[in-house]
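Now for the letters of each chain:
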Amino acid sequence: MVARVRKNTTVVEEPLEEIVPLEPKVELLEEEKPKLTVYPKQEEPVVEDTPKSEVIRWKKIGNGSFIHNNRYIKPGQIFTATVEEIPTAFRDLIIPLEKLPEDKLLSAKKSSNYTLVEIEGTNTWNIVDSQGKIFNEKPMARLEAEKLLNVI
């Protein structure tokens, strides 16, 4: 091949650099070849599906507005949210329009050393341990006693 180069309006043809062939590849012996190691396919870790809270409808009562997910909720407005998104401190201003899911604190634990004992005729309850010692200072309503029993 020849390249054309202009020099002062005259065209001079110069030969290109010679193409030098590459050295031939030397094949490696079986012992020298890199060995590929095939590992067994690893199992992916099992991710437990966390139960997602169901979305229920809520209504804002009372004065003033409430900010939820960067939105202003006005008095009387109905919106949807999960139970975890609404703080318990605002439950007097925001009421659920549908039934709330069952509270985990209300279901009694079976492995507790404490039991509920009703005080006869008063409709109040005490929390008593296995030795008969009363845990609470004053008798309380059944719902309060169950919540406290579940925390213990």
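Residues numbered from 1 in each chain as written. Predicted model: local features only at pLDDT ≥ 70, side-chain atom pairs only at ≥ 80, totals over all residues. Heavy atoms only, no water.

**Notes on the overall build of the protein chain**
When helices and strands are tallied, the protein chain shows 1 helix and 9 strands. Listing each helix as α and each strand as β along the protein chain from the N terminus yields β-β-β-β-β-β-β-β-β-α. Within the protein chain, buried positions represent 16% of all 152 residues. Counting only contacts in the protein chain whose residues sit at least 6 apart along the sequence, the fraction spanning at least 24 positions is 37%. Carbon together with sulfur atoms contributes 54% to the accessible area of the protein chain, which is approximately 14100 Å² in total. (Helix = DSSP H or I, 4+ residues; strand = E, 2+ residues; numbered from the N terminus. Buried < 20%, exposed > 50% of the residue type's maximum accessible area, 1.4 Å probe, protein only. Contact = heavy atoms within 4.5 Å. Areas by Shrake-Rupley, 256 points an atom, 1.4 Å probe, with all protein chains shown as cover.)

**So, the pattern of salt bridges**
Inspection of the entire model under this criterion finds 2 salt bridges. Here Glu146 makes a salt bridge to Arg142, at a shortest N to O gap of 3.1 Å. You can see Glu146 and its partner Arg142 sitting in helix H1 (residues 142–151), 4 residues apart, about one turn around the helix. The exposure class assigned to Arg142 is partly exposed, which follows from its relative accessible area of 39%. (Salt bridge = Lys/Arg side-chain N within 4 Å of Asp/Glu carboxyl O.)

**Remarks on the pairing of strand S9 (residues 124–128)**
Taken residue by residue, a regular strand's side chains alternate between the two faces of the sheet. Of all 5 residues making up S9, 5 are buried, and the element is well covered by its neighbours. Following strand S8 (residues 115–119), the chain reverses through 4 residues before pairing antiparallel with S9; Gly121 in that reversal takes a positive phi of roughly 80°. (Pairing = 2+ DSSP bridges.)

**Some points on the side chain of Asp129**
Structurally, the position occupied by Asp129 is in the loop between S9 and H1. In this structure, Asp129 is buried with no salt-bridge partner, the nearest side chain bearing the opposite charge being Lys133 at 6.3 Å. A polar contact of 2.7 Å, which involves the side chain of Asp129, links it to the backbone nitrogen of Lys133. Filtering out sequence-adjacent residues up to four positions away, Asp129 remains in contact with Asn113 and Tyr114. (Lys, Arg positive; Asp, Glu negative; His and termini not counted. Polar contact = N/O pair within 3.5 Å; in protein donor to acceptor, adjacent residues only side chain to side chain.)

**Examining the sheet that holds strand S7 (residues 94–96)**
The antiparallel open sheet is built from 3 strands, whose spatial order is S6-S3-S7. The open sheet has two edge strands, strand S6 (78–81) and S7, and neither has a second partner. With direction set aside, neighbouring strand axes in the sheet form an average angle of 40°. Note that strand S3 (residues 56–60) and S6 share 4 bridges and pair antiparallel. The residue of S6 that forms the bridge with Lys59 is Ile78. (Axes fitted to C-alpha atoms, helices over the stretch in contact; angles between N-to-C directions.)

**A look at H1**
Residues of H1 that are buried: Ala145, Glu146, Leu149 and Asn150. The buried side chains of H1 occupy one side of the element, clustering within an arc of 135° when seen end-on. Facing away from the buried side of H1 by over 90 degrees, the exposed positions are Glu144 and Val151. Elements in contact with the buried residues of H1: S8 and S9. (Arc of directions from axis to C-beta.)

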